[in-house]
Amino acid sequence: MSAFMQQLPALIGVVIGALGSYLAVVRSDRVRSERERATRWEERRLAVYSDYARSLKTSVTLTYRVASHLGNDPHPHPLPLSDAEPLLTEAVLARDPAGEALIMLGSPQVVEKARGWVLVVMEMERFLREERREPEAWQELLERQRAARQEYYASVRADLALPPGHSARWPVTAAQPPATAGGR
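Every value quoted in this text rests on a predicted model; they were computed, and no experiment measured them.

Rules used in this analysis
In every chain, residue numbers begin from 1 and rise along the written sequence. With the structure being a predicted model, the display of local features is reserved for residues of pLDDT at least 70 and the display and counting of side-chain atom pairs for 80 or more, all residues being used for whole-chain, interface and lining totals. Calculation of side-chain values draws on the structure's entire complement of heavy atoms; hydrogens and water are dropped beforehand. Here a strand is any run of E in DSSP of at least two residues, a helix any run of H or I of at least four, and the numbering for each starts at the N terminus. A 1.4 Å probe rolled over the protein chains alone gives each residue an accessible area, and that area as a share of the maximum for its type sets the label: buried under 20%, exposed over 50%, partly exposed in between. Contact criterion: two residues are considered in contact whenever any of their non-hydrogen atoms come within 4.5 Å of each other. Shrake-Rupley sampling with a 1.4 Å probe provides the accessible areas, and residues are treated as covered by the protein chains on show and by no other component. N or O atoms closer than or at 3.5 Å make up a polar contact, with two conditions inside protein: a donor-capable atom paired with an acceptor-capable one, and, for residues adjacent in sequence, both atoms drawn from side chains. Two aromatic rings from Phe, Tyr or Trp, using only the six-membered ring of Trp, form a pair when their centres are within 6.5 Å; if the ring planes differ by under 30 degrees the pair is stacked, by over 60 it is edge-to-face, and anything between is tilted. Patch definition: residues with relative accessible area over 30% and no salt bridge; like charges joined within 9 Å; nonpolar side chains (Val, Leu, Ile, Met, Phe, Trp, Tyr) joined within 5 Å. When a carboxyl oxygen of Asp or Glu is within 4 Å of a side-chain nitrogen of Lys or Arg, the pair counts as a salt bridge. By nonpolar core we mean a set of buried residues, namely Ala, Val, Leu, Ile, Met, Phe, Trp, Tyr and Cys, connected to one another through side-chain atoms within 4.5 Å.

### Points about the overall build of the chain
A count of helical and extended segments in the chain gives 4 helices and 0 strands. In the chain, the succession of α and β elements from N to C terminus is α-α-α-α. For the chain, the residues scored as buried account for 28% of the 184 residues in total. Intrachain contacts of the chain at a sequence separation of at least 6 include 70% that bridge at least 24 residues. Of the roughly 12200 Å² that the chain leaves accessible, carbon and sulfur atoms contribute 60%.

Dropping the structure here:
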């Protein structure tokens, strides 16, 4: 029995070491699993945020084109409201599921900024459906839309812990005529 008692401290040390090693592996696996889960959700949120922005931007681009047709905007590709109506409807229908995904996965701050942006876009659409020809009022709407878009993107960056990005506000110059095949 004395031989067993002499080796008991070593045996206890082996058991404690094995238990400690097991607990370290379990904790490490749990941390890795949590990190992978968080990464997956972060990637999914980024996709939802991007899809929503893309769906709104489709509506915005169409409004620029209709506004150009009405003489409110310098967009180089004017589009009559009658031709744009089905496209606007399609854009709104695409925007709804993107908005639902945003509400489900987005942070409250991002959802609130998205709401502000879409309200301005809806106001732009209403302005054009009334066939208003008021370039100054249109420019004011454009500025509000650009500010709302910038706030949305800033909120997305903050939610995803991304560095600050470009404001996307640069002066728009008149469209240059495309070069011809002859190099002019």
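### Let's talk about the side chain of His75
Considering the arrangement of structural elements, one finds His75 in the loop between helix H1 (2-69) and helix H2 (81-105). Among the polar contacts listed, one links the side chain of His75 to the backbone nitrogen of His77, at a separation of 3.0 Å. Contacts of His75, omitting those with residues within four sequence positions, involve Tyr64, Arg65 and Ser68.

### Focus on the packing of aromatic side chains
Overall, the coordinates contain 5 aromatic pairs when judged by the stated rule. Seen from their ring centres, Tyr52 and Tyr152 are 6.0 Å apart, and the 55° between their planes marks the pair as tilted. With Tyr52 in helix H1 and Tyr152 in helix H4 (residues 135-159), the pair connects residues that are 100 residues apart, well separated along the chain. Taken individually, Tyr52 and Tyr152 each receive the classification buried, so the pair is uniform in this respect. Measuring from centroid to centroid gives 5.5 Å for Phe127 and Trp138, while their planes differ by 40°, and the two rings are tilted. Separated by 11 residues along the polypeptide, Phe127 in helix H3 (residues 108-129) and Trp138 in helix H4 bring together distant segments of the chain. On the accessibility criterion, Phe127 (2% relative accessible area) is buried. Here the aromatic cluster, defined as three or more aromatic residues joined through ring pairs, consists of Tyr52, Trp117, Tyr152 and Tyr153.

### Some details on unusual backbone geometry
If you check the backbone angles, Glu131 has positive phi at about 55° while not being a glycine. Inspection of the secondary structure assignment puts Glu131 in the loop between H3 and H4. For Glu131, a relative accessible area of 44% corresponds to the partly exposed category. Phi angles above zero are rare outside glycine, and Ala161 is one such case at about 55°. Assignment of secondary structure puts Ala161 in the segment after H4.

### Observations concerning a nonpolar patch on the surface
Taken together, the side chains of Phe4, Met5, Leu11 and Val15 make up a nonpolar region of the molecular surface, amounting to roughly 390 Å² of accessible area. Mapped onto the secondary structure, Met5 falls in helix H1.

### Digging into the nonpolar core
In terms of nonpolar packing, the biggest core is built from 35 residues, with Tyr52, Leu102, Trp138 and Tyr152 touching the most fellow members. Secondary structure elements with two or more residues in this core: H1, H2, H3 and H4. Among the elements that take part in this core, H1 stands out by supplying 10 residues, more than any other.

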